[in-house]
Amino acid sequence: MASVSAPSQTAPAPTAPLQRGIVKMVLSGCAIIVRGQPRGGPPPERQINLSNIRAGAMARRAAQGQPDTKDTPDEPWAFQAREFLRKKLIGKEVCFTVEIRTALGREYGMVYLGKDTTGENIAESLVNEGLATVRREGIRGNNPEQARLCELEDQAKSSKKGMWSEGGGTHTIRDIKYTIENPRNFVDSLHQKPINAIIEHVRDGSVVRALLLPDYYLVTVMLSGVKCPTFKREADVETPEPFAAEAKFFTESRLLQRDVQIILESCPNQIILGTILHPNGNITELLLKEGFARCVDWSMAVYTQGAEKLRAAERSAKERKVRIWKDYVAPTANLDQKDRQFVAKVMQVVNADAMVVKLNSGEYKTIHLSSIRPPRNEGENKDKDKRFRPLYDIPYMFEAREFLRKKLIGKKVNVTVDYIRAATGPGEGTPAFPERTCATVTIGGINIAEALVSKGLATVIRYRQDDDQRSSHYDELLAAEARAIKNGKGLHSKKEVPIHRVADISGETQKAKQFFPFLQRAGRSEAVVEYVFSGSRLKLYMPKETCLITFLLAGIECPRSSRNLPGGMQVAEPFSDEAMLFTKELVLQREVEVEVESMDKAGNFIGWLHIEGVNLSVALVENALSKVHFTAERSAYYKTLVSAEDACRQRKEKIWANYEEKPVEEVVHVSEEKERVANYRPVYVTEIADTLHFYTQDVETGGQLESLMETMRAEIAAQPPVEGSYSARRGDYCIAKFADGEWYRARVEKVESPAKVHVFYIDYGNREVVSSTRLAAIPPAFSTRTLPAQATEYAFAFIQVPQDEDARADVVDCVVRDIQNSQCLLNVEYSGATCPHVTIQFGDTKDDVGLGLVKEGLVMVDVRKEKHLQKMVSEAMGCTALNIWRYGDFRADDADEFGYSR
C-alpha cells in the first residue's frame, strides 16, 4: 500500500485524546491497522497513518481483469520499513492520538508502544533507523515533535543508516512472484519440509495468503483437513455464513503477519493445501477445538500431523456444542453407554459388511460395519436363465465373506456403535432398508472394516460434508483404501476377477445320485455349514468338490419346524426352535467333517456331522433335543446315542418332560431265517493288493471307460500339458503318466516332495510313486463327475487273511496268477469295515476262488454267525488240510485259556 502523509492544508484538531488498541496489521512503514478488544464478536478496527513522516510504498499487484495495468514493485527500503514495524508492533498494545482527520476519513497521528506516551515513539524509531523521511513542508517551529524528527533524520543521514546508506537501496527491492506456473511440481519439490513464511492476508478462517521466504512466493494456502464458514459473494454483496467472521478473526488474531512455518502438503486442482505451524500451536487443531471449523475428508488424507488429532479436536467441540456445533446431536445420543460399547460373540456373517452377534444377555443383534460398502454387481446379470446367487456371482463377495467367516465366527469381538441408520422406504430403483446399527468391530486390536478395505474386499462410502453418520475411524478406512488401490488389491486389481462355479445339487435327484458314490467312498469330507433349516437339516458347502448339498443328520429324529405344505401350514413340534438354535450356535458357518452313509428319494444326503470332535447327532440327543431313530442301530454311534437318550429320559428333560415309562411286556421274538442271496455279476479284476484286497471294474461300464480314455488321450495329445506346471496336493484328482507312456486318471494320496508323489489310479486300483513332472491337472470334461472312478475295492468273504507275511505272500501270488486281468463273476455277501466282502468265481468254470484257496490250505475260514451264511461256512470248513495245515491245527495254541484271544 502506498504511504501517505498529512496534507499541510488541513487544520490541526484540538488537543487529541489518547486512545489505545492492539496492532492487527502493518500496511507499510507509515500505516498500521489498530483493533479494539473483542466483545461478543470481531472488534472494530481503524487505520492510523503516522504523522509527519513518509516511508516507501510497498509493491502492488496489477488489478485483475485490467490488462493495461502492471505490477508495481517495492520502493527502496519500503519492505524493510514494514518489517521493522511488523516485528515491533504486531499483536502488541499501543496508544495513539489522532491529530488530523481528512475529509475522506483518513486519520493521521502519533503512535506509542505501550499504554501511554512514555512508550517508544514509533515514528521517531523509523526515522532514527533511516527507514522513513520527515515531511518538512509545513513544519511549525514551535512543534517539538516535528523538530525531534528532523534532528533524528539528520543523525541517520550522518550515520548513513537505511535509505541514507550508499548504493541507492536497489538491493532492498523484493522480486515477488505472484503466480507459480506449475503449483503441483512446486509443492512436490519442497518434499513436505517446513518453509518459513509470513501470513499476509486471511481470507477466512481456513484460507490465508502467505509470503514464502526467502524467495518471496506469494501463495494462497488452504488448511489441510478442515473448512471454516466462508463469506459468500452474490451480486457484489458479501454474506458471511454463521460464525464466518468469528473464525476469520480467530485466525487473524493469531497468525496475521506472524512469522510461521508452513508445510505444503498437496496441490489438487491448483489448490495448495498446507499446515501452518506456529510456536504457540497448530491453528488447524485450535479452529476445530473451538468449534470454528469442521473436518473435511477430501483433504484430510494429506494432513501430515496426524488425522486422529483433528478428529479428536472436532469431537471435543461437538461434545461441548460450541459455535458451529451449538445444535449438534450425536448419532448415538439416544443410546445408553452399555448399548454404545459392548462385547459380543459372532454367530453368523450375513454379508461382507454385516454379521449377527450374540450379546451377553443372550439377545441376537445384527451389526453392520460402519462406512464400508461390500462388493457390488456391476451391470446386469448376463445369463438370464441362470439363478443369480450374490455370494458366488458378485466378484470378490465370496472372498470377503470367507475372510470375515474365518476370522470372526465363534469369536468374541468389541463393538462400538457409531450411528443408527434410519429405515428407508422403497424408492424409484432403490429397495427398502430396515433400521441398521452401524458399528466399528475390532478383534485383537484389529479393525475388521479396515482389514477388509486394505485387502480390496470392500470400498469406503463417501459422504456429504455435513453427514456426521460415519465410522469413528473413517480416516483410517480412507487410508486403507488408498493403499489397496495403490497395490492393486482385490476389487482394485487389474487381473481377471475370480469365478466361483458352485453347483447346487440340493434336491437335484439325478445329480445327487451321480455324486453319492463318490461322497460315500470319501469317508470323512470337509464341509462348511452354509444354512440351518432345522435342528437336523442343513445346507453344506463342499469346498473340495465346489458344490452345495442338503444334509440330514443320521440316527436321530429331531422335532420338525413349521413349514408350508400343499395342504397348509405345518405346525412346529415342541422344542423344534430350540433344536434349530442349538444346531445354529454349534455349527453355522463353521468348518465341519461329514460322513455320508445314504441318500433319500429327494436327493438329500444322510450321514454324520462332526465339529471339533463332537458328533452333532449325539450332541442333540445329549441335550434332550432329539430322539434316537431306529436306523442308528447299524452305526458305530448307536451305543453312545442310546446311553445319552436314556440319561435324558430319566431326567425328563425337554422333549422327555412328559415321558412315562411303559410296562415291560414279554415278547416272544420269532426270527425269520434270512436266505443268502446269490446275484453274481461279471467284473474284470484289475489289481490285487498285498492285503489280499482286490479291485475290479464292472464289465457293463467298461465301454464307457474305454471311450473316455481314448477321447482324453486325444485331447492331451492335441494340447500337451506343460511339464512341471502342476502342483500336487493331497486328495486332488489329476492325470498321471504311467510306465507305458499313457495318461490315466489318478488321485494324489501323499506328497513327500516334488520328486515323490504317491498316486492311486482310480480306474484300475494300482498305486505308484511318481515325480510331479509326470502329473497334470485333469481336464474338467474327464473328471469323476463325467464318469465315476471305475476301480472298486473288495475283500474275500469267509476268509481270514494269514498274519504271517510269507504265508500271505503265497496267497497273493496264487490269486494274482489265477484271476488278475481276467473276467470273473462276483457276489456281495456282507459289508465290512472298509469295503464289501464278496465271493468270486472263475468266469469259465464257475468254481469259487476263495473256496479253492481254502482247499489248497492257503487261508483259514472266517466263521460267520449269520444263519443264512452257515452253509457256505460249513462247505469251506470241510476242505482238506494242506500248506498252513501241514503241521496240524495250530489254532489250538491260541485258545483263550493260554492267554490268547482272537
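Being a predicted model, the structure only gives us computed values, none of them experimental.

### Structural notes on the sheet that holds strand E44 (residues 792-796)
Pairing between the strands of a sheet comes from backbone hydrogen bonds, and it takes one of two forms, parallel or antiparallel. Spatially, five strands are ordered E37-E38-E44-E47-E46 in a closed barrel, and the strand pairing comes out mixed. Across the sheet, the axes of successive neighbouring strands diverge by a mean angle of 60°, strand direction being ignored. With four bridges joining them, strand E37 (residues 681-688) and strand E46 (residues 823-830) adopt antiparallel strand pairing. Its bridge partner being in E46, Arg681 is matched across the sheet by Leu826. Those strands touched by helix H19 (residues 805-819) are E37, E44, E46 and strand E47 (837-842), and its axis lies near 130° from that of E37.

### Quick look at the sheet that holds strand E2 (residues 31-35)
The sheet built from five strands closes into a barrel, its strands ordered E1-E2-E3-E6-E5 with mixed pairing. The average angle at which neighbouring strand axes cross in this sheet is 55°, direction not considered. Of the strand pairs in this sheet, strand E5 (residues 93-101) and strand E6 (residues 107-113) are connected by seven bridges, and their pairing is antiparallel. Pairing of Thr97 across the sheet is with Met110, part of E6. Those strands touched by helix H1 (residues 78-89) are strand E1 (19-28), E2, E5 and E6, and its axis lies near 145° from that of E1.

### With respect to the environment of Ala797
You can see Ala797 is positioned in the loop between E44 and strand E45 (799-800). Take Ala797: its relative accessible area is 6%, and that puts it in the buried class. Excluding residues within four positions of it along the chain, Ala797 makes contact with Glu829, Tyr830, His837, Val838 and Thr839.

### Section: the confidence of the model for the chain
Overall, the predicted model of the chain reaches an average pLDDT of 85, with 89% of residues at or above 70. A low-confidence stretch, residues 1-13 stays under pLDDT 50, and its non-local contacts, those more than four residues away or across chains, total 28 contacts. Across residues 667-671 the pLDDT falls below 50, and counting only partners more than four positions away or on other chains, this stretch makes zero contacts in the model.

### Things to note about H1
Compared with an ideal rise of 1.5 Å per residue, which puts twelve residues at 16 Å, H1 spans 16 Å between its outermost C-alpha atoms and is within 8% of the ideal. Residues Ala78, Phe79, Ala81, Arg82, Glu83, Leu85, Arg86 and Leu89 constitute the buried set of H1. Residue Gly91 follows H1 closely and has a positive phi angle near 80°.

### Some details on a negative patch on the surface
On the surface, Asp804, Glu805, Asp806, Asp810 and Asp813 cluster together to form a negatively charged patch. Position of Asp810 among the secondary structure elements: in helix H19.

### Remarks on the pairing of strand E39 (residues 733-737)
Sheet faces and side chains relate simply in a regular strand, where the side chains alternate between the two faces. Bridging between E39 and strand E40 (residues 743-753) involves five bridges; their strand directions are antiparallel. Residue Ala736 lies in a different strand from E40, and its bridge partner there is Tyr744. Taking the residues between adjacent antiparallel strands as the criterion, E39 and E40 are bridged by five residues, where Gly741 takes a positive phi near 85°. Relative to strand E43 (residues 775-777), E39 is paired through three bridges, and the arrangement is antiparallel.

### A word on the environment of Thr550
On the secondary structure map, Thr550 appears in strand E29 (residues 547-553). Sequence spacing of Thr550 and Val532 is 18 residues, and the spatial spacing of their C-alpha atoms is 9.8 Å. Residue contacts for Thr550: discarding those within four places in its chain leaves Ser506, Arg537, Leu538, Asn604 and Phe605. At a separation of 3.1 Å, a polar atom in the side chain of Thr550 contacts the side chain of Ser506.

### So, the nonpolar core
By size, the foremost hydrophobic cluster in this structure holds 48 residues, and its most contacted members are Met355, Ile367, Leu369, Ile372, Leu408, Val441 and Leu452. The dominant element in this core, judged by the number of residues it contributes, is helix H11 (residues 397-408), at six residues. Those residues in contact with Val441 that sit more than four places away from it in its chain are Met355, Ile367, Leu369, Val413, Asn414, Val415, Ile446, Asn447 and Ile448.

### What about helix H17 (residues 638-651)?
An α-helix turns once every 3.6 residues. As a result, residues three or four positions apart point the same way. Taking 1.5 Å per residue, 14 residues should reach 20 Å; H17 reaches 20 Å between its end C-alpha atoms and fits that length. Among the structural elements, strand E30 (556-557), strand E34 (605-611), helix H16 (616-622) and strand E36 (627-628) are those in contact with the buried residues of H17. Downstream of H17 by one or two residues, Lys652 has phi in the positive range, about 55°.

Thresholds, definitions, all that
By convention here, each chain's residues receive numbers from 1 onward along its written sequence. Only residues with pLDDT of at least 70 get local features here, since the model is predicted, and only at 80 or more are side-chain atom pairs given and counted; chain-wide, interface and lining totals rely on the full set of residues. Side-chain figures throughout are based on the complete set of non-hydrogen atoms in the structure, without hydrogens or water. The criterion for strand pairing is that DSSP finds at least two bridges linking the strands in question. Each helix is a run of DSSP H or I of at least 4 residues and each strand a run of E of at least 2, with the numbering of both proceeding from the N terminus. Simply put, an axis is a line fit to the C-alpha atoms, just over the touching stretch for a helix, and the angle between two N-to-C directions goes from 0 to 180 degrees. Any two residues whose heavy atoms approach within 4.5 Å at even a single point are treated as in contact. Type-normalised accessible area, obtained with a 1.4 Å probe on protein chains alone, sets the label of each residue: buried when under 20%, exposed when over 50%, and partly exposed for intermediate values. What pLDDT expresses is the predictor's confidence in each residue, scored from 0 to 100. One fewer than the residue count of a helix, multiplied by 1.5 Å, yields its expected span. What goes into a patch is any residue over 30% in relative accessible area without a salt bridge, connected to like charges within 9 Å or, for nonpolar side chains (Val, Leu, Ile, Met, Phe, Trp, Tyr), within 5 Å. The Shrake-Rupley method, run with a 1.4 Å probe sphere, supplies the accessible areas, and residue values consider only the shown protein chains as cover. The salt bridge criterion pairs a side-chain nitrogen of Lys or Arg with a carboxyl oxygen of Asp or Glu, the two atoms within 4 Å. A positive count includes Lys and Arg, and a negative count includes Asp and Glu. His and the chain ends are not counted in either. Charged groups are reduced to one reference atom each: NZ for lysine, CZ for arginine, CG for aspartic acid, CD for glutamic acid. In protein, a polar contact requires one atom able to donate a hydrogen and another able to accept it; more generally it is a pair of N or O atoms within 3.5 Å, and residues adjacent in sequence count only if both atoms are side-chain atoms. Nine residue types can take part in a nonpolar core, namely buried Ala, Val, Leu, Ile, Met, Phe, Trp, Tyr and Cys, and a core is a set of them joined through side-chain atoms within 4.5 Å.

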